[in-house]
Amino acid sequence: MKKRMLVWIVLLFGFNCPKSFSQINSDTLLVGLALQQFQNSPPGLGTFYQAIDTCAPIGVNLMGWFDLWSNLEPTPNNYSFTNSPINPLKYLDTTNGTKIKSFAYSIKMIESNLKTVPSDLQTVSFGDPQMISRFSNLIDTLLNSDAHISRITHILIGNEVDGYLNSHPSEINGFVSFYQAAVNRIHLKMPNIKVGTIITYNGAKNTNPSLFNALKMYGDFICYTYYAEDTQNPLPFVMKPPSTIAADINWMASNTGNKPFAFTEIGYTSSTNNNSSNSLQAAFVAALFDTLKYYKC
């Protein structure tokens, strides 16, 4: 048995899969498109339509976007989804799934090093019943809104949660309880939606493996961000040789248990300031996808 992976550009999901790579139907692979315009794109939806029409025929079949919890609930128990899931789902994919197969939505109560909960909850622990209840209310309200929730296939709880939690270790146990409750609530209210959270590769392997092991007990998949940084080098953000990438990817796959794995960010700079170059960046991309194809299913 080998792991299977579904991808979204920088997001890849995987399961155990008995098939050989040559037997895999590419339709089962999720390759995602970030909802961003180019820097000099003209205003309006036309640029997004053009991006979808360009990318969908070559395999992009998933769309992802995010919102901060603090923006979704600007004042206690008052919610605003006007600028959130309704827009990409209502206006950007009007073909009822013929172009875009899946939608991944990240709700961020942690954004890397920041706690992005409503302002009145900033000093409340993640494990506090009030915090858990308010997030449950958010999920219930989202379900009952006009936000086309039925189109969403994956929900991510927080982004690079280890960044904030490593700096606030007293919040770790509370967040694990919060995450478990959030997963259970979404499963109860939206049983067809898969739920996960996002943790950095370095956090999962080096900085705080115990947090990673606690979080991976819950949810339907494990999601990483991965930048091939040489953490053993005393200089900041020095890239590792592309030859080491396969070992990193295989570690991430093997340490998720029997759950899918995913990426929301993958990066490798080409700057000489980071001990890299254009050719090394290209070699990284080649090594990355050469390794990942084993998990495609």
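Look above for the structure.
The notes below deal with the structure included here. Owing to the predicted nature of the structure, the values given are computational and were not obtained by experimental measurement. (Residues numbered from 1 in each chain as written. Predicted model: local features only at pLDDT ≥ 70, side-chain atom pairs only at ≥ 80, totals over all residues. Heavy atoms only, no water.)

### Quick word on the overall build of the chain
Each helix and strand in the chain was counted, giving 10 helices and 12 strands. When each of the 297 residues of the chain is scored for burial, the buried share is 49%. Counting every atom, the chain has about 13,700 Å² of accessible surface; 53% of that belongs to carbon and sulfur. (Helix = DSSP H or I, 4+ residues; strand = E, 2+ residues; numbered from the N terminus. Buried < 20%, exposed > 50% of the residue type's maximum accessible area, 1.4 Å probe, protein only. Areas by Shrake-Rupley, 256 points an atom, 1.4 Å probe, with all protein chains shown as cover.)

### Concerning unusual backbone geometry
Peptide bonds are trans in most cases, and residues, glycine excluded, mostly fall at negative phi. If you check the backbone angles, Phe 237 has positive phi at about 50 degrees while not being a glycine. Assignment of secondary structure puts Phe 237 in the loop between β11 (221–227) and α9 (245–254). Judged by relative accessible area, which is 32%, Phe 237 ranks as partly exposed. Unusually for a residue other than glycine, Asn 275 sits at a positive phi of about 60 degrees. Residue classification places Asn 275 among the exposed positions, given a relative accessible area of 52%.

### Description of the packing of aromatic side chains
This model, assessed by the stated rule, comprises 22 aromatic pairs. With a centroid separation of 6.5 Å and an interplanar angle of 5 degrees, the aromatic rings of Phe 175 and Tyr 179 are classed as stacked. One end of the pair, Phe 175, and the other, Tyr 179, are both in helix α6 (residues 172–189), four residues apart, so they sit about a helical turn from each other. For Phe 175, a relative accessible area of 0% gives the class buried. (Phe/Tyr/Trp six-rings, centres within 6.5 Å; stacked < 30°, edge-to-face > 60°.)

### What to know about the pattern of salt bridges
Within this structure, the stated rule accounts for seven salt bridges. We note a salt bridge from Asp 120 to Arg 134, for which the minimum N-O separation is 2.9 Å. Of this pair, Asp 120 sits in the loop between β8 (114–115) and α4 (129–143) while Arg 134 sits in helix α4, and the two are 14 residues apart along the sequence. Taking the relative accessible area as the measure of exposure, Asp 120 reaches 32% and is therefore partly exposed. When salt bridges with common partners are traced through the structure, they connect Glu 73, Asp 120 and Arg 134 into a single cluster. (Salt bridge = Lys/Arg side-chain N within 4 Å of Asp/Glu carboxyl O.)

### Details of the nonpolar core
Of all hydrophobic cores here, the largest spans 64 residues; its most connected members are Ile 107, Met 109, Phe 135, Ile 157, Phe 175, Tyr 224 and Tyr 226. Ranked by residues supplied to this core, first place goes to α6 with eight residues. Leave out the neighbours within four places in its chain, and Tyr 226 touches Tyr 201, Ile 245, Asp 248, Ile 249, Met 252, Phe 263, Glu 265, Ile 266, Gly 267 and Phe 284. (Core = buried A, V, L, I, M, F, W, Y, C linked by side-chain atoms within 4.5 Å. Contact = heavy atoms within 4.5 Å.)

### So, the pairing of strand β7 (residues 102–111)
For β7, the buried fraction is high: nine of the 10 residues fall into the buried class. With seven bridges joining them, strand β6 (residues 62–68) and β7 adopt parallel strand pairing. The residue bridging Met 63 from the neighbouring strand is Phe 103, located in β7. Examined bridge by bridge, β7 and strand β9 (residues 154–159) share five bridges and lie parallel to one another. If you follow Glu 111 over to β9, its bridge partner there is Asn 159. (Pairing = 2+ DSSP bridges.)

### Here we look at α4
For α4, spanning 15 residues, the distance from its first C-alpha to its last is 21 Å, which sits close to the expected 21 Å at 1.5 Å a residue. Among all positions in α4, only Met 131, Arg 134, Phe 135, Ser 136, Leu 138, Ile 139, Asp 140 and Leu 142 are buried. Close packing links the buried residues of α4 with α2 (69–72), β7, β8, β9 and α6. Two to three positions downstream of the cap, the backbone nitrogen of Gln 130 sits 2.7 Å from a side-chain oxygen, assigning the N-cap of α4 to Asp 128. (Expected span 1.5 Å × (residues − 1). Polar contact = N/O pair within 3.5 Å; in protein donor to acceptor, adjacent residues only side chain to side chain.)

### Observations regarding the pairing of strand β10 (residues 194–200)
Taken across its seven residues, β10 has six buried, putting it largely inside the fold. By the bridge criterion, five bridges tie β10 to β11 in an arrangement that is parallel. Bridge pairing in β11 places Ile 199 opposite Tyr 224.

### Thoughts on the environment of Thr 207
Within the secondary structure, Thr 207 is located in helix α7 (residues 201–207). If sequence neighbours within four positions are ignored, Thr 207 has contacts with Asn 166 and Asn 202.

### Comments concerning the side chain of Asn 202
Its location among the elements puts Asn 202 in helix α7. With a relative accessible area of 16%, Asn 202 lands in the buried category. Residue contacts for Asn 202: discarding those within four places in its chain leaves Thr 207, Glu 229 and Thr 231.

### Concerning the side chain of Thr 116
For Thr 116, the position within the fold is in the loop between β8 and α4. Only 2.7 Å separates the side chain of Thr 116 from the backbone oxygen of Lys 108, close enough to count as a polar contact. If we skip the residues at most four places from it in the chain, Thr 116 touches Leu 68, Trp 69, Ser 70, Lys 108, Met 109, Ile 110, Glu 111 and Gln 122.

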